[in-house]
Amino acid sequence: MSKTTPIPPSDYRTAAAAGIASPRLQKSLQGIQNRFGKGAMEFWAKMDDQELRHRVKESRMNTLAHLDIVLAELAKNIRARGGQVYFAATAQDAIDYTLAVAKKNNVKRVVKGKSMTSAEIAIDPALEEAGIEVVETDLGEYIIQLAGDKPSHIIAPCIHLDRAQIGQLFTDKLGIDYSDDPPTLTMAARKALREKMLGAEMGLTGCNLACAETGHISLVSNEGNIRMATTMPDVHVALMGMERVVATFDEHRETLQLLTRGAALQKLSTYVSFQGGPAALTDPDGPREFHLVIIDNGRSKILADPEFREVLACIRCGACLNICPVYGKIGGHAYDSPYCGPIGAVVTPLLDGINKHADLCKGETLCGACRDVCPVENDLPRMLAALRHKLAYGSDRWNTSQHNPAEAYAFALWKLLVSHPVLYRTSLWFGKLFQWPFVRKNKMIGSLAGLATGWTKDRDLPPLAGQTFAQLWKKKYAARRPNESRAQSKEAS
Ligand code: SF4
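For clarity, every value in this text was computed on a predicted model and none was experimentally measured. (Residues numbered from 1 in each chain as written. Predicted model: local features only at pLDDT ≥ 70, side-chain atom pairs only at ≥ 80, totals over all residues. Heavy atoms only, no water.)

Caption draft 1: Representation of the overall build of the protein. Each helix and strand in the protein was counted, giving 22 helices and ten strands. With respect to the principal axes defined by its C-alpha atoms, the protein has extents near 90 × 55 × 45 Å. Expressed as a percentage of the 493 residues in the protein, the buried residues total 48%. Here the protein has roughly 24700 Å² of accessible surface; of this, 57% comes from carbon and sulfur atoms. (Helix = DSSP H or I, 4+ residues; strand = E, 2+ residues; numbered from the N terminus. Buried < 20%, exposed > 50% of the residue type's maximum accessible area, 1.4 Å probe, protein only. Areas by Shrake-Rupley, 256 points an atom, 1.4 Å probe, with all protein chains shown as cover.)

Printed below as a string of structure tokens:
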């Protein structure tokens, strides 16, 4: 039986190489991509309402264009129902507010629903530092918490662990007899979590979607944990990225349909919980206090840039991970962010620094599969190319410096060559002459020297061909031209 080994933080390249080298991870990734990636594409193709994705995309972009008004409407309607709304400009503001609510209510234990926003602002360590016990209640997140690990998928956080590892983890941490039987393990987690739920004073969740017109948030789950975490404790705090709002109930209904289809090929998830204020005195259960924390944390900057605003239309369904050939090989830990896969490769640099995540910006293939599968048709490849442009040339707006000046010089040289045919042909001639010491028996260049070493570190490079395309073209097709013109003149006569 295998032991769970927590994965330490590491850079993109190292973690990607580790992911590729793990047969266990490759099997898991292949499994999820075969089922959900291909499944989502088939789902969209067979959907009766082929206009739904366009409509939702349009409504998302429309809401983003009027975000201040829509958020004000949401806050007004939640406050009218007795809920409290706090606008947090930074992650620290959101943490401070939540800690103040916890302190006021003498909270000793928080039960959480799955929330990427909570991971983005790193609220768990802050709560724990304040002496508050934090318990994840989503099964996948609970496993990750027990393992001291990090999530590796937006929807399936422990996809990188197999059931033997989880069985051993439960034996070590929950003291049950070893089993790798999923229902047995689920029942063990359920028992442990129910006990935690019963004594919790605060529920802390994310927010899948908020509806301004009705003043409520909705939370989807297939386990029922969210409903318990939001109704059993006296206080419910929901953390919401400020873009996760829609204007009308109709838009909410349509967006929700795409979310559950994109996430798990479901027409609707098993549970959809609506929250928008404290429980009424006549309600049998529900929180006494409801707080919605609307978090900016860098989103305003994205909103203000027409090049990247579209990324805020994302509904975090995870479908792009399930089809991405890069995610499908390296897994989620390489992204070192709660947001992994193609969406993470765009949103993490924008929220946390483009230079800091330069390798991440350059890691995707730009094949376009993520754009095809995305329920809201987000053009992630276009945005990745825009990020690379900022790395190549620098950007004041994004405080980005040129990432690799040598690369810029190489392209300047390339531009010079291709715009001067004589120079280009001469350099090819020299290139062919001097490449031979590097060409191996398999007729590939195995390793380049100097600045070009990195290019051949993980792949072979074909040598310059003996004849250029122009020479081949001339040889193969130039001879045909007289016949063609004869045929044409025959036709004409
Ligand atoms: S970019 Fe599209 S596919 Fe990816 S998580 Fe967001 S909504 Fe889903």
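Caption draft 2: Local environment of the nonpolar core. Membership of the largest hydrophobic core comes to 65 residues, with the highest contact counts inside it found for Leu74, Met240, Val245, Leu292, Val311, Tyr335 and Leu350. Ala91, Ile132, Val134 and Val235 belong to the second largest nonpolar core, which has 22 residues in total. (Core = buried A, V, L, I, M, F, W, Y, C linked by side-chain atoms within 4.5 Å.)

Caption draft 3: Layout of the environment of Met202. Residue placement: Met202 occurs in strand E4 (residues 202-205). The buried category is assigned to Met202, whose relative accessible area is 0%. Through-space distance from the C-alpha of Met202 to that of Pro157 is 23 Å; in sequence the pair is 45 residues apart. Dropping the residues within four chain positions of it, Met202 is found in contact with Thr98, Val101, Ala102, Val107, Arg109, Val110, Val111, Pro233, Val235 and Val237. (Contact = heavy atoms within 4.5 Å.)

Caption draft 4: Fine view of a nonpolar patch on the surface. Judged by side-chain polarity, Trp429, Phe430, Leu433 and Phe434 come together as a nonpolar surface patch covering roughly 470 Å² of accessible area. Mapped onto the fold, Phe434 is located in helix H20 (residues 421-434). Taking relative accessible area as the criterion, Phe434 reaches 55% and is therefore assigned exposed. (Patch = residues over 30% accessible without salt bridge, like charges linked within 9 Å, V, L, I, M, F, W, Y side chains within 5 Å. Salt bridge = Lys/Arg side-chain N within 4 Å of Asp/Glu carboxyl O.)

Caption draft 5: How the structure looks around the side chain of Ser395. Assignment of secondary structure puts Ser395 in the loop between helix H18 (380-393) and helix H19 (405-418). At 3.5 Å, the side chain of Ser395 and the backbone nitrogen of Arg397 are in polar contact. Aside from chain neighbours lying at most four places away, what touches Ser395 is Lys390 and Thr400. (Polar contact = N/O pair within 3.5 Å; in protein donor to acceptor, adjacent residues only side chain to side chain.)

Caption draft 6: Examining the environment of Asp93 more closely. Among the structural elements, Asp93 can be located in helix H5 (residues 91-104). The exposure class of Asp93 is partly exposed, given its relative accessible area of 26%. Sequence spacing of Asp93 and Asp296 is 203 residues, and the spatial spacing of their C-alpha atoms is 9.8 Å. For Asp93, the residues in contact, after removing those within four places along its chain, are Tyr86 and Ala88.

Caption draft 7: Local environment of the side chain of Arg299. When you line up the elements, Arg299 lands in helix H13 (residues 299-304). Residue Arg299 is classed as buried on the basis of its relative accessible area of 2%. Aside from chain neighbours lying at most four places away, what touches Arg299 is Glu120, Gly241, Met242, Glu243, Leu312, Tyr339 and Leu351.

Caption draft 8: View of the packing of aromatic side chains. For the structure on display, the rule yields eleven aromatic pairs. Taking the centre distance of 6.1 Å and the plane angle of 75° together, the rings of Tyr12 and Tyr335 count as edge-to-face. Residue Tyr12 is located in helix H1 (residues 12-20), and its partner Tyr335 is located in the loop between helix H14 (327-330) and helix H15 (341-352); the two are separated by 323 residues in the primary sequence. Residue classification places Tyr12 among the buried positions, given a relative accessible area of 14%. (Phe/Tyr/Trp six-rings, centres within 6.5 Å; stacked < 30°, edge-to-face > 60°.)

Caption draft 9: Spatial organisation of the pattern of salt bridges. Scanning the model with the defined rule gives 23 salt bridges in all. Here Glu195 ties to Lys191 by a salt bridge, and the two come within 3.7 Å at their closest N and O atoms. Note that Glu195 and Lys191 are positioned in helix H10 (residues 182-198) at a spacing of four residues, about one turn of the helix. Here Glu195 matches Lys191 in class, with each residue exposed. One salt bridge in this structure joins Arg299 and Glu243, with 2.8 Å as the shortest N-O distance. Of this pair, Arg299 sits in helix H13 while Glu243 sits in the loop between strand E7 (235-241) and strand E8 (245-246), and the two are 56 residues apart along the sequence. Exposure class is identical for Arg299 and Glu243. Each is buried. One network of salt bridges, in which partners are shared, links Glu120, Glu243, Arg299 and Arg316.

As far as function goes, none of this settles anything; it's purely spatial.
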